[in-house]
Amino acid sequence: MGDNRLSKKILVVAGDGIGPEIVAEAIKVLNALQADGAIDVTLEDALVGGAAYDAVGNPLPEETLVKARASDAVLLGAVGGPQWESLHISKRPERGLLGLRAELGLFANLRPAVLYPQLAAASTLKPEIVAGLDIMIVRELTGDIYFGQPRGVETLPSGERRGINTMVYTESEVERICRVAFDIAMKRGKKVCSVDKANVLECTEMWREVATKTAAEYPEISLSHMYVDNAAMQLVRAPKQFDVMVTGNIFGDILSDCAAMLTGSIGMLPSASLNEKGQGMYEPIHGSAPDIAGRGVANPLATILSVGMMLRYSLDAPEAADRIDAAVFKVLDQGLRTADIMSEGMRQVGTAEMGDAVVAALAGE
Ligand SMILES: NC(=O)C1=CN([C@@H]2O[C@H](COP(=O)(O)OP(=O)(O)OC[C@H]3O[C@@H](n4cnc5c(N)ncnc54)[C@H](O)[C@@H]3O)[C@@H](O)[C@H]2O)C=CC1
Ligand SMILES: CC(C)CC(=O)C(=O)O
Ligand SMILES: [Mg+2]
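Residues numbered from 1 in each chain as written. Chains lettered and ligands numbered in written order. Predicted model: local features only at pLDDT ≥ 70, side-chain atom pairs only at ≥ 80, totals over all residues.

Side note on the overall build of the chain
Looking only at helices and strands, the chain features twelve helices and 14 strands. Taken over the C-alpha trace, the chain has a radius of gyration of 20 Å; the compact-globule value for 365 residues is 21 Å, and the two agree within 12%. Referenced to the eigenvectors of the C-alpha coordinate spread, the extents of the chain come out at roughly 65 × 50 × 50 Å. Classification of the 365 residues of the chain by burial places 50% in the buried group. Taking as baseline every contact in the chain between residues at least 6 positions apart, the subset at least 24 positions apart corresponds to 73%. (Helix = DSSP H or I, 4+ residues; strand = E, 2+ residues; numbered from the N terminus. Rg over C-alpha atoms; globule rule 2.2 N^0.38 Å. Buried ≥ 20, exposed ≤ 12 C-beta atoms within 10 Å, placed from the backbone. Contact = placed C-beta atoms within 7 Å.)

Shown next as structure tokens:
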């Protein structure tokens, strides 16, 4: 990298559960790329989620927000865990993550579901159904029922409680995320499937209208529409019919976990969450996996691949990103597998051993 380029600032927020374990492996990869001159980055830490609540009583401390705003990119592990479930919702770890997304304006969440050929046998689906799978899920991330008002739980005059969350989208929010999906599709197969529930929900009926209207500006794009229940079924029945899927916050959350299993494990899916300034937050799509936390068995590849997305989308280092993708391909070729993607004849490794193997592959070993 030339001397005229400034060091890029990465804020690392490891979070809870397996978060610190998988982020440690991603940092090894960043350090290795830094050591051989492929990137020039400065890492800083901050607290988020349950770890932040325990330390300062707030899942998203102001200091974390200030540091995040001043960074070129944020690397996040995961948040949440059973020990924080009884807290008021405003103090829960997940609020920290949602707050970061909202405060940074990270409206575009890209979740690529790609099957590495070596993992065809790790998928719960038949190899011929998933072979060659390459889907990009574009999920709107700062609107919908996760943020809509009114929300809360009220007590009715009868004494019964009523819980309320509200699905809300403005036309401009729909148009903005559709443009992201169409632009991405122009560099891929030019096919976009917009997923909604327009047969029942007015909000998504409008979504469908706006998607159709916006697509008129992209004559090369073939736009289809699908109800979310059918989309979930089609993802399992014939996933290769999809190129780019665009959808709202909650549908995208659910469909991307579903798509993850097509690739063998939720431990394989990275993500990028981008704002209009090109700033991004990068995280695996999975959660804090409390059931395996602290055992050194979590799959770090989704987090390592998220670093690849960071290098590509926020740090202008596409060659280094390609090297990460190639290194992950190589360790899978070598037969190394964490427990979640283990299959017969392969060698089972833990979180740290997998991270070390990726670093060795980067070095050409
Ligand atoms: N982005 C985030 O920080 C997210 C946080 N969460 C939070 O995480 C906690 C647990 O949520 P769950 O619904 O159990 O979802 P989860 O994604 O944490 O775990 C679901 C299943 O996948 C497995 N798994 C997840 N990541 C893995 C990895 N890297 N390697 C191997 N196996 C892996 C887990 O062991 C578990 O069996 C909750 O507190 C939830 O709110 C959930 C989803 C996203
Ligand atoms: C934990 C939530 C805030 C979100 C979630 O499940 C996700 O973004 O995948
Ligand atoms: Mg999720």
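Quick word on the site of ligand 1
Surveying the vicinity of ligand 1 reveals 22 residues, the closest of which are Gly 80, Gly 267, His 286, Gly 287 and Asn 299. Considering only residue class, the shell around ligand 1 consists of eleven nonpolar, seven polar and four charged. (Near = placed C-beta within 6 Å. Nonpolar A, V, L, I, M, F, W, Y, C, P; charged D, E, K, R; others polar.)

A word on the UniProt feature "site: Important for catalysis" (unreviewed entry) in the chain
Look at the UniProt record and you will see "site: Important for catalysis" (unreviewed entry) annotated at Tyr 146 and Lys 197. With respect to the element layout, Tyr 146 can be found in the loop between strand S5 (134-140) and strand S6 (152-155). Excluding anything up to four places from it in sequence, Tyr 146 contacts Leu 98, Asn 249 and Ile 250. What makes Lys 197 buried here is the crowd of 20 C-beta atoms within 10 Å. Those residues in contact with Lys 197 that sit more than four places away from it in its chain are Thr 204, Tyr 227 and Val 228. (UniProt positions renumbered as here; feature names shortened; annotations may be inferred.)

So, the site of ligand 2
Inspection of the region around ligand 2 gives Glu 94, Leu 97, Leu 98, Asp 253, Ile 285 and Gly 287 as its neighbouring residues. In terms of residue class, the shell around ligand 2 is built from three nonpolar, one polar and two charged.

Description of the sheet that holds strand S4 (residues 108-114)
The ten strands lie next to each other as S2-S1-S3-S12-S11-S4-S5-S10-S8-S9, forming an open sheet whose pairing is mixed. A strand with exactly one partner marks an edge of an open sheet, and here the two such strands are strand S2 (41-45) and strand S9 (222-227). Neighbour-to-neighbour, the strand axes of the sheet open up by a mean angle of 25 degrees, direction not taken into account. As defined by bridge partners, strand S8 (residues 191-196) adjoins strand S10 (residues 244-247) across four bridges and the pair is classed as parallel. Residue Ser 194 lies in a different strand from S10, and its bridge partner there is Val 246. Contacts from helix H1 (residues 19-35) reach strand S1 (8-15), S2 and strand S3 (73-78) within the one sheet, and its direction differs from that of S3 by about 145 degrees. Strands in contact with helix H8 (residues 228-237) are S8 and S9; relative to S9, the strand with the most contacts, it is inclined by about 105 degrees. (Pairing = 2+ DSSP bridges. Axes fitted to C-alpha atoms, helices over the stretch in contact; angles between N-to-C directions.)

Some words on the confidence of the model for the chain
Residues at a pLDDT of 70 or more form 99% of the chain, whose mean pLDDT is 96. With a pTM of 0.96, the predicted complex shows an ipTM of 0.99. (pLDDT = per-residue confidence, 0-100.)

Some words on helix H11 (residues 318-333)
Note: α-helices contain 3.6 residues per turn, so residues at a spacing of three or four share the same orientation. With 16 residues, H11 ought to run about 22 Å at 1.5 Å a step, and its terminal C-alpha atoms sit 22 Å apart, in line with that. Among the structural elements, H1, helix H10 (301-313), strand S13 (336-337) and helix H12 (351-362) are those in contact with the buried residues of H11. Residue Gly 335 follows H11 closely and has a positive phi angle near 90 degrees. (Expected span 1.5 Å × (residues − 1).)

Some details on the packing of helix H6 (residues 171-186) against helix H7 (residues 202-215)
At a minimum axis separation of 9 Å, H6 and H7 run at an interaxial angle of 50 degrees. What the angle tells us is that H6 and H7 run oblique. Here H6 and H7 pass one another in a crossing that is right-handed. Facing H6, whose interface residues are Glu 171, Val 174, Glu 175, Cys 178, Arg 179 and Phe 182, H7 presents Met 206, Trp 207, Val 210, Ala 211, Thr 214 and Ala 215. (Parallel < 35°, antiparallel > 145°, perpendicular 65-115°, else oblique. Left-handed = near helix turned anticlockwise from the far one by under 90°.)

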